[in-house]
Amino acid sequence: MNYMILLPVVLPVIVGFALLFLHEGVFRDRQGLLNVTGVSFVVSAALAVYVISGAAGDRLVLFRLVDDIPVYFAVDDLGRLFAGLVVVVFLLAGFFSFVYMSHEKNEKRYYSFYLITFGVLMGLCFAGNLVTLYLFYEFMTLASMPLVIHSGSKEAVMAALKYLFYSFCGAYMALFGIYFLYRYAIVFENPGDALGGTYYYETAHMMGFVPGGSLDMAAVVESGNTTLCLVAVFLMLVGFGVKAGCFPLHAWLPTAHPVAPAPASAFLSGIIVKGGILAIIRTVYYCVGADFLRGTWVQTVWGILAVITLLMGSSLAFKEKILKKRLAYSTVSNLSYILLGLSMMNAAAFTGSLLHVVFHALIKSGLFLFAGALIFSTGRVKVKEFAGLGKKMPILFWSYTICSLGLIGIPPTSGVISKWYLATGCLESGIAGLSWIGPVALLVSALLTAGYLLPLAVNGFLKAPLDEKEHDKYREPAPFMLVPVVVLAAATLLLGVFPAPLMEFVGDIAVVLK
Amino acid sequence: MNGIVFAVLFPFAAAVLFWLLFRNQKGKNGIAAVTMLLVSAVETVAVTLPLLENVTGTPFGMVTLAGVGGLGLHFMYSGFRGVFGVLTALAWFVTFLFSKEYMADDEKVVRYDFFNLMTLGATMGIFYAADFFTLFFFFEIMSFTSFMWVAHRQTKESAYAAGTYLGIAIAGGMAILMGLFIVYSRIGTLYFGEMCWETVALISLGENPAWMYVAAVCMFAGFGAKAGAFPVHVWLPDSYTQAPVPATALLSAILSKTGVFGLMLVSLELLPLQGSWGVFLLAIGVITMVVGGIRGVMSANFKTTLAFSSMSQIGFVLTGVGMQVLLAEMAAGFYGDAGHFEEAVGVFGMAVNGTFIHMVNHSLVKLVLFMTAGVVFARVGSYELNKVRGFGRGKPFLLVTFLLAAAGVGGIPVLNGYISKTLLHESIVEYTSLLGDGAVLSGLMKAVEGLFLFSGGLTVAYMTKLFVVLFVEKNADSALQAKYEGQKQYASLSTKAAIALCALPIPFIGLLPGLTAERVAAYGFVRSEVEQWHYVPVDVHYFSPTSLAGAVISIAVGVAVYVLVVRLWMLRRKADGYREVFPAWMNMEKYLYRAVFYTAVPFVLGIISRILDSIVDTLVVLLRRTVYCDRALPYELPEGNRVTHRIGCSMERIRMIYCMIARKEYEPKHYEHKLAIKSTDIFENFRIIERSLSFGLFMFCVGLGLTMIYLLVVN
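Residues numbered from 1 in each chain as written. Chains lettered and ligands numbered in written order. Predicted model: local features only at pLDDT ≥ 70, side-chain atom pairs only at ≥ 80, totals over all residues.

Caption draft 1: Summary view of the overall build of chain B. Helix and strand content of chain B: 26 helices and 2 strands. Relative to a compact globule of 715 residues, whose C-alpha radius of gyration would be 27 Å, chain B shows 37 Å and is clearly more extended. Taken along the three principal axes of its C-alpha coordinates, chain B extends 140 × 75 × 60 Å. Evaluated residue by residue, chain B yields a buried proportion of 51% over its 715 residues. (Helix = DSSP H or I, 4+ residues; strand = E, 2+ residues; numbered from the N terminus. Rg over C-alpha atoms; globule rule 2.2 N^0.38 Å. Buried ≥ 20, exposed ≤ 12 C-beta atoms within 10 Å, placed from the backbone.)

Caption draft 2: A look at the overall build of chain A. When its secondary structure is counted, chain A shows 21 helices and 2 strands. Expected size for 514 residues packed as a compact globule is a radius of gyration near 24 Å; at 22 Å, chain A falls within 12% of this value. Across its three principal directions, the C-alpha atoms of chain A cover 75 × 60 × 45 Å. Counting across all 514 residues of chain A, residues that qualify as buried make up 61%.

Caption draft 3: Highlighting the domain arrangement of chain B. Domain boundaries assigned for chain B yield domain 1 (273–582) and domain 2 (642–714). Put simply, the middle of domain 1 of chain B and the middle of domain 2 of chain B, counted by C-alpha atoms, are 97 Å apart. (Domains from an automatic or database assignment.)

Caption draft 4: How the structure looks around the pairing of strand β1 (residues 59–64) of chain A. Residues and elements named next belong to chain A. Pairing analysis gives 5 bridges linking β1 to strand β2 (residues 70–74), with the strands arranged antiparallel. Pairing of Arg-59 across the sheet is with Ala-74, part of β2. Between β1 and the antiparallel strand that follows it, β2, lie 5 residues. (Pairing = 2+ DSSP bridges.)

Caption draft 5: Region of interest: the packing of helix α4 (residues 109–127) of chain B against helix α10 (residues 245–270) of chain B. Residues and elements named next belong to chain B. Two elements in contact, α4 and α10, have axes separated by 10 Å at closest approach and are oriented at 25 degrees. It follows from the interaxial angle that α4 and α10 lie roughly parallel. Handedness of the crossing formed by α4 with α10: left-handed. Along its contact with α4, which presents Thr-123, Ile-126 and Phe-127, the element α10 presents Ile-254, Leu-255, Thr-258 and Phe-261. By residue class, the composition of the contact of α4 with α10 is 5 nonpolar, 2 polar and no charged. (Axes fitted to C-alpha atoms, helices over the stretch in contact; angles between N-to-C directions. Parallel < 35°, antiparallel > 145°, perpendicular 65-115°, else oblique. Left-handed = near helix turned anticlockwise from the far one by under 90°. Contact = placed C-beta atoms within 7 Å. Nonpolar A, V, L, I, M, F, W, Y, C, P; charged D, E, K, R; others polar.)

Caption draft 6: Seen up close, helix α3 (residues 77–100) of chain A. For α3 of chain A, with 24 residues, the first-to-last C-alpha span of 34 Å sits near the 34 Å given by 1.5 Å per residue. Burial analysis of α3 of chain A places 19 of its 24 residues in the buried class, the great majority of the element. (Expected span 1.5 Å × (residues − 1).)

Caption draft 7: Seen up close, the confidence of the model for chain B. Summing up the model confidence of chain B, the mean pLDDT is 85 and the portion of residues at 70 or higher is 95%. Throughout residues 528–532 of chain B the model reports pLDDT below 50, and contacts reaching past four residues in sequence, or to other chains, amount to 6 contacts. (pLDDT = per-residue confidence, 0-100.)

Caption draft 8: The arrangement of helix α13 (residues 338–380) of chain B in detail. Residue and element names in this part refer to chain B. The first and last C-alpha atoms of α13 sit 61 Å apart over 43 residues, in line with the 63 Å expected at 1.5 Å per residue. Burial analysis of α13 places 32 of its 43 residues in the buried class, which makes it a mostly covered element. At the C-terminal side of α13, Gly-381 shows a positive phi close to 80 degrees.

Caption draft 9: Quick look at the interface of chain B and chain A. Contacts between chain B and chain A engage 30 residues on the former and 32 residues on the latter. It is helix α6 (residues 156–187) of chain B that contributes the most residues to the side of chain B that touches chain A, 11 residues altogether. Taken together, the residues of the side of chain B that touches chain A sort by class into 20 nonpolar, 7 polar and 3 charged.

Caption draft 10: Highlighting the nonpolar core. Ranked by size, the top nonpolar core spans 421 residues in total, and within it Val-89 of chain A together with Leu-327 of chain B carry the most contacts. With 21 residues, α13 of chain B is the largest single contributor of residues to this core. For Leu-327 of chain B, the contacting residues outside a window of four places in its chain are Ala-344, Val-347, Phe-348, Ala-351, Ser-427 and Tyr-431 of chain B. (Core = buried A, V, L, I, M, F, W, Y, C linked by C-beta atoms within 7 Å.)

Caption draft 11: Layout of unusual backbone geometry. Residue and element names in this part refer to chain A. Along the chain, Phe-247 connects to Pro-248 via a cis peptide bond; the corresponding omega equals 5 degrees. Mapped onto the secondary structure, Pro-248 falls in the loop between α9 (226–243) and α10 (252–259). With an omega dihedral of 5 degrees, the bond running from Pro-411 to Pro-412 counts as a cis peptide bond. Structurally, the position occupied by Pro-412 is in the loop between α16 (394–408) and α17 (415–429). Look at Asn-106: it is not a glycine, yet its phi comes out positive at around 50 degrees. With respect to the element layout, Asn-106 can be found in the loop between α3 and α4 (107–126). The exposure class assigned to Asn-106 is partly exposed, which follows from the 14 C-beta atoms found within 10 Å.

Have a look at this one:
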């Protein structure tokens, strides 16, 4: 058995809890705490990389919940992609927080939950069947809630409650779907062959992730419950869609993300929301099977919801005055680019979605870290208060500009590539109406994106500062804060100019559709 | 062949290196300027080499940078690209030469040069692109880097202009992208040369070409905006006026041509032989040249006049592109009818040559004119006609170069504009005669011809206006006039060299069209869907009476317009000098585009989104208020209990309302407090009573009494 797969899941959780319960006095000073945390970050990330590389084997049945359903881990390319993304953003935002959190209280608690969340996310990425995925999905909500509530203000508490309310509503909808679909799951007698594994010898295994779906569709048709089944899948989509900020259950996102400390916002907006996306991909493409949904009302309604969300998110971001809230609304919009692509159920759009998962994670983390660096050094929160700062912090603002161009989708940055695949995928899908409304909505949203991101860059470089006297003391932020932002901006640019390796990797995953 | 890739990438590399070397060097503009000159000289050599290698101008080769930007970048060489590559590199060279003096005191020269080089690279990328994706890739880069030209001066006006420029550039870019999406998903290729065959094949299979028109109109929004075509020209006047002069010269001379280039490719590759598209472009071209001309005549600002002149000339070019499409369709229709076919191809050649030569002419002329404007601005500090008045008196170099350029673009015989305008005019006339009398279009074509000559007249009128202001009239302020006339050292040698370099070809093209213009046009013959129609030498007698008649009509119109509009209307009150006579409320940019796209649309979208955003939250709140019976957070009242608090507050409010109605002075009576004290008193008394023995006996008594009553009732 490949118990090594468990390492990046379990170790961060253990370390996290240890940190949580250890007395403050154990660490001589703040630096002591940071050293311990830093080492555990690096070790956790290294373990994750070890599993991603495939050296730890690719599947593991931990134990059985009931006879047919094990808690089961499988490392496939999709999981690798998401896990790799988590590791990158986890490390960058983690090191960023070493400086940023010096202004906040309860640093120890923050790091411990940050580590626990990482462990849980690894579990989510490597989950091998729907039940395991659901388990970690719930843990993810619980583990990330303390990051939202961190500051302890009334606003933060209310936001955290809202976050919990929406997340659980969604999770229960999804759970209902799982209960329903469970009856139609194929029991693989020898799943080692079906799952393409090498030496898998368990006898009964349900709701595992198989490219193309693992439900017995013949049984569904025979039972005459096709419509009910579609409703169940739709509920799962809406339920998991909560995490992905899909209309109508998106309202928690712009409330919860901005109140968290900036590095946590970056992690929430860049990575944790992708948990919802991963769950949806697993459900639709690896469990139910895209063939079952293609051409049904579920696909159409899903696409329409995504279009509504992406336009709504962008227009609200355009109207928003507080930087972090603006970025949160932008996350709502961008996640729906991904959902729109997934709802099209063809290879081009699927590739576009996965590319946008990667690009958005990097860009949005970069933008939130940028916002954090600005808030940390100036104490201001509104967009127009940052006028003229570009002259004092050129590297930071250049990084921001590149990330913004990436999110708008201007060559040579990365965003244009994912948009290209998403739009051509939409047009290829041939769904009446949506096939061209989708690309138009994408471009209108891109225009709004330009409208809400670029003024900050332009005013930062070209406008006079609000307060000359105050202005003189601002400097480029400390290296621990600056480097992560620069790295993310550089990634945006590099992936835009040389996307070939990534596209090849993602293209291999998109084979599920062929 | 790798030379063109070098030409595209070299400026980018140079820009980064330049920035790394010079970013901290303040006040060493001289060294920076020399570096720029060297870079642009190397660039010029790099783009000239393929010209020598390939003396016929036939397109060849394709270089691929695989995987870059997703689809890979592809470059190719053709005569048209070669000519414009050289023209671009030369334009950058002369503007750098010009900036040496003009930008000498500019604090931000390093930033300016950095973005300038990036724009050069991107422009080269556009001209050498072999597919639409590459074109789009560099077009977007060019839009963003050239934004810094407009924003360069960092004044309030330039920020406003830059805001419009960026908005239109991004919107246009997205529109182009939409067009590309449609094309790519329909025909699966974006390569020039492949696309047209695919579309021809699709149409011959009976496919409805409506989607191609949608794609083409989308792309028109983007490319047309950069060219300055009506109705997406709105950024042009402000941006041209606000950018520093060398940048304006480049915007007008080169960047507008990238837009035209894009539209030409749309016409050739996406909608080959589609007459309706030709009519669309023709209409756009005519409106653009007339609107630009009218606004040019009515402007009281030197640079804005030139900006509108630019727009008007692009209108001429677009008219030419429209004629090309119409003539190509006509020639294809005559296929098999050898006599007519030959004739139509000949006229088609006229339109192609006229368009091409006019593009080159306009680049040269506008470089001269804008640089002259820069010389004026450097000494006068303003572009207003009343301030500029009389500056040119006693400055023969300025007089000669300005006159060459102004008369050149005005279509005065023996100068360059005459050649291209005659070709375009001839193509319209010949097309009308080929159509025959009965055709639907022939009436329309007569109108087009009339408007063409009228616009030519407008060109003459506004150029006369500028010439008179600069060289004939004296300034109202005689002290200033004396100062102007005393300025003999008004420009350095490098500045003069830059202007002279661009003015030199103007009479050559005009006097010896057969040796210059036609040779260049033959080389640059646009590779098109009619590839098999080899270049036909154009048979036009430039100085025949019929050709001259057009010019004479234009000049007559020009003189009439000048007298009527400028002398009689703009100068109505002599003391005030020149007035802006164009009504301010007709500002499309401010009252239509900004109002709709920056205010109305976001407002409506915002309201709808706000409603959608709060649906679920509202629902949750409603449920909590009704079904779930959510209680408010409990909090301690400072005194009394909830009943006294409610009653006290209500009484206080009633009293307040009573006072308001009775118009009495309101004094708070603190009912809440009084009631609270009362209730405390009462409760205290109760407590005393409760705990006393007498209360116990009293309750015992009550109990007995109740028992008695019960017994009575039961019995």
